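Okay, here's what each chain looks like letter by letter:
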Amino acid sequence: MQLPKDFEVYTRELMGETLYATLEKGLDSEAPTSIRLNPFKRVEDDDRKAVDRVAGAREAVAWCAEGVYLNERPNFTFDPLLHAGRYYVQEASSMFVCHILRELVHDPVLMLDLCAAPGGKTTAARSVLPQGSVLLTNEPMKLRASILSENVQKFGHPDVLVTNNFPRDYRKTGLLFDVVLADVPCSGEGMFRKDEGAIGEWSMQNVENCRTLQRSIVEDIWPCLREGGLLIYSTCTFNAHEDEENVNWIAETLGADFVEIETRPEWNIIGSLTDQHPVYRFIPGKTQGEGLFVAVLRKHGDQASALRQMCGEAGKGGGKSKKDKAAKGKTAELDHVTGQWLTGDYKTIELRDTRLAIPSAWLSVYEKAAKALHILYAGVGLGTMKGRDLVPDASLALSIAIRREAFPQIDVDYPTAISYLRKEAIVLPENTPRGFVLVTFGHQPLGFVKNIGNRANNLYPQEWKIKSTHAPEQPVEVIKMNP
């Protein structure tokens, strides 16, 4: 690998000859492939460890209970269970957020993942947050935000809200968070092995630009972190300008203390390269994963849980306005449908042409966010109105809150599943009831069709469909189908 000369000179001086030689060797080696299983979509009564549930598993990811390294990289696109949200393809270093949250967060929190696309750290965080927590996940770039929304919907947890905003927009909401994850845009040095384009785009000037941008992002969101709240700051760079220098600036200028995370020597995580503050560096060749830098800081001060404060406001205030009463009447019928389709207590709301079911426990969070933010998705997507019918949404099928018994179900074979995910017409068994039918593969929901007798209308989202016409010679099986 031909690295930029300025990068070589600076990084060798920063790391020293021995560690830099390890990095060079790591960058020239093949990147490991890893996945993280979705703990909310496990097959019933399957108590095997994650590594035992994965075909082609090499070993477990030490710092993430649901993470697994694979012997080789399969063609994930053609695994229906990927589209079902049964697992997420994520490089192992980024799974360290699971370990951080397990170590530090033991009660329900209101959390924000600030720069979240494509959704790896968001879904990792949601998989380990205590029950009752609410996670807002945000991406400023529109196209990337739509990918984040798709991955959140496939993950299927109802206590997530997706926004497409700049960090400064959050100040307008009045929301406070117990935890903020800022995986800030960076110069991408940790992606050199996976993305040759990152090498071509690298320069010392770009490093300086990123350093400045990162500080402005944290400064913009800092008022939204409650006193005593946690900031998880991360980059995928090696240089100290974007890493140690920035977290030191946060601590000294904005007011925070470093938080130490317990790790094990065999994980081969490197500490700070410039001082004694507890930070965590993942170096290719040293650790099994891509380049990552993480530090955790606790904001000065002491304040009660933001989630308790926010959700405690629900139900307060005066009587309902005429507009509120009209809206209540308009959604009463939908609320009844929601109760049939979902487990739990929800309130039906309209978001553009989509009906969403928001968990009542954090409806006040949604309402506050909706006043100032561009919400893409929240809770559970129920569907869209077509005439008098509510056409169920794919995100309903993929949600862990769905009452599956509310719909006829057809478990399809592999070729049919691929056809369905390509949004092609599929043939249903002759005795399939008419109406909306839940399509599953390996008993994991994929989406809906509407059976009208002589054919079935495929309701899979157009923007999610598999576009490749390639047909794999053998079915792609990442998760073992049989316990």
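The present account deals with the structure reproduced in this document. Counting restarts for each chain, with residues numbered from 1 along the sequence as it is written. In keeping with the predicted nature of the model, local features appear solely for residues at pLDDT of at least 70, side-chain atom pairs appear and are counted solely at 80 or more, and the whole-chain, interface and lining totals rest on all residues. Hydrogens and water are ignored here; the side-chain numbers use all heavy atoms of the structure.

Strand pairing follows a simple DSSP-based rule, namely that at least 2 bridges must link the two strands. Secondary structure elements are taken from DSSP: a helix is a run of H or I of four residues or more, a strand is a run of E of two residues or more, and numbering for both begins at the N terminus. If you walk across this open sheet you meet the four strands as 13-14-16-17, and the pairing is antiparallel. Strands at the two margins of the open sheet, each flanked by one partner only, are strand 13 (346–351) and strand 17 (389–392). Averaged over all neighbouring strand pairs, the angle between strand axes comes to 35°, with direction disregarded. Summarising the sheet, strand 14 (residues 354–359) and strand 16 (residues 380–386) pair through three bridges and their orientation is antiparallel. Opposite Leu356, over in strand 16, you have Gly381 as the bridge partner. Packing against the sheet, helix 12 (residues 363–370) makes contact with strand 13 and strand 14, and its axis sits at approximately 130° to strand 14. Axis angles are defined between N-to-C directions and span 0 to 180 degrees, where every axis is a line fitted to C-alpha atoms and, for a helix, only to the segment in contact. Residues are treated as being in contact if the distance between any of their heavy atoms lies within 4.5 Å.

Our focus in this paragraph is the packing of aromatic side chains. The way to describe two aromatic rings as a pair is by their centre distance and the angle between their planes. Any pair of Phe, Tyr and Trp rings, taking the six-membered ring for Trp, is counted once the centres come within 6.5 Å. Such a pair is stacked with planes under 30 degrees apart, edge-to-face with planes over 60 apart, and tilted for the rest. Under the counting rule described, the total for this entry stands at 15 aromatic pairs. Each ring, one from Trp63 and one from Phe282, has its centre 5.3 Å from the other, and the planes form 70°; the classification is edge-to-face. Of this pair, Trp63 sits in the loop between strand 2 (57–60) and strand 3 (67–70) while Phe282 sits in strand 11 (residues 280–282), placing them 219 residues apart in sequence. Here the two residues Trp63 and Phe282 agree in accessibility, since each one is buried. Residues Tyr460 and Trp464 carry aromatic rings whose centres are separated by 6.0 Å and whose planes lie at 75° to one another, so their mutual orientation is edge-to-face. Both residues of the pair, Tyr460 and Trp464, belong to the buried class. The buried label goes to any residue with under 20% of its type's maximum accessible area, the exposed label to any with over 50%, and the partly exposed label to all in between, with areas taken from a 1.4 Å probe on protein chains only.

This part takes up the environment of Thr77. Looking at the element boundaries, Thr77 is found in the loop between strand 3 and helix 3 (80–83). Since its relative accessible area comes to 35%, Thr77 is described here as partly exposed. For Thr77, the residues in contact, after removing those within four places along its chain, are Leu82, His83 and Ile466.

What follows concerns the pattern of salt bridges. One side-chain nitrogen of Lys or Arg within 4 Å of one carboxyl oxygen of Asp or Glu is enough to make a salt bridge. Per the stated rule, a full pass over the model turns up 15 salt bridges. Note that Glu17 is salt-bridged to Arg12, the shortest N-O span being 3.3 Å. Classification of Glu17 as exposed rests on a relative accessible area of 54%. A salt bridge links Glu139 to Arg144; the nearest nitrogen and oxygen atoms lie 3.5 Å apart.

The length a helix should cover is 1.5 Å for every residue beyond the first. Its twelve residues place the ends of helix 9 (residues 244–255) 16 Å apart at the C-alpha level, agreeing with the 16 Å of an ideal helix rising 1.5 Å per residue. Of all twelve residues that make up helix 9, nine are buried, and the element is covered over most of its length. Within the span of helix 9, buried status applies to Glu244, Asn246, Val247, Asn248, Trp249, Ile250, Ala251, Leu254 and Gly255. Of the surrounding secondary structure, the elements contacted by the buried residues of helix 9 are helix 8 (204–221), strand 9 (225–235), strand 10 (256–258), strand 11 and strand 12 (292–299).

Residues belong to one nonpolar core when they are buried, are Ala, Val, Leu, Ile, Met, Phe, Trp, Tyr or Cys, and are joined through side-chain atoms within 4.5 Å. The biggest cluster of nonpolar side chains holds 54 residues, and the ones touching the most others in it are Leu136, Phe177, Leu231, Ile250, Trp362 and Tyr366. Counting residues per element, this core draws most heavily on helix 9, which supplies five residues. Once residues lying within four places of it in the same chain are set aside, the contact partners of Ile250 are Val218, Trp222, Leu231, Tyr233, Gly255, Ala256 and Leu297. Formed by 34 residues, the second largest nonpolar core is a distinct cluster that contains Val54, Leu70, Tyr414 and Tyr420.

Glancing now at the sheet that holds strand 2. Strand order in the open sheet made by the four strands is 2-3-1-4, with antiparallel pairing throughout. In this open sheet, the two strands that pair with only one neighbour each are strand 2 and strand 4 (87–89). The average undirected angle you get between the axes of adjacent strands in this sheet is 30°. As judged from the three bridges shared by strand 1 (residues 33–37) and strand 4, these two strands associate in the antiparallel manner. When the bridges of strand 4 are listed, Arg36 appears paired with Tyr88. Sheet strands touched by helix 5 (residues 120–128): strand 1 and strand 4. Its angle to strand 1, the strand with the most contacts, is close to 40°.

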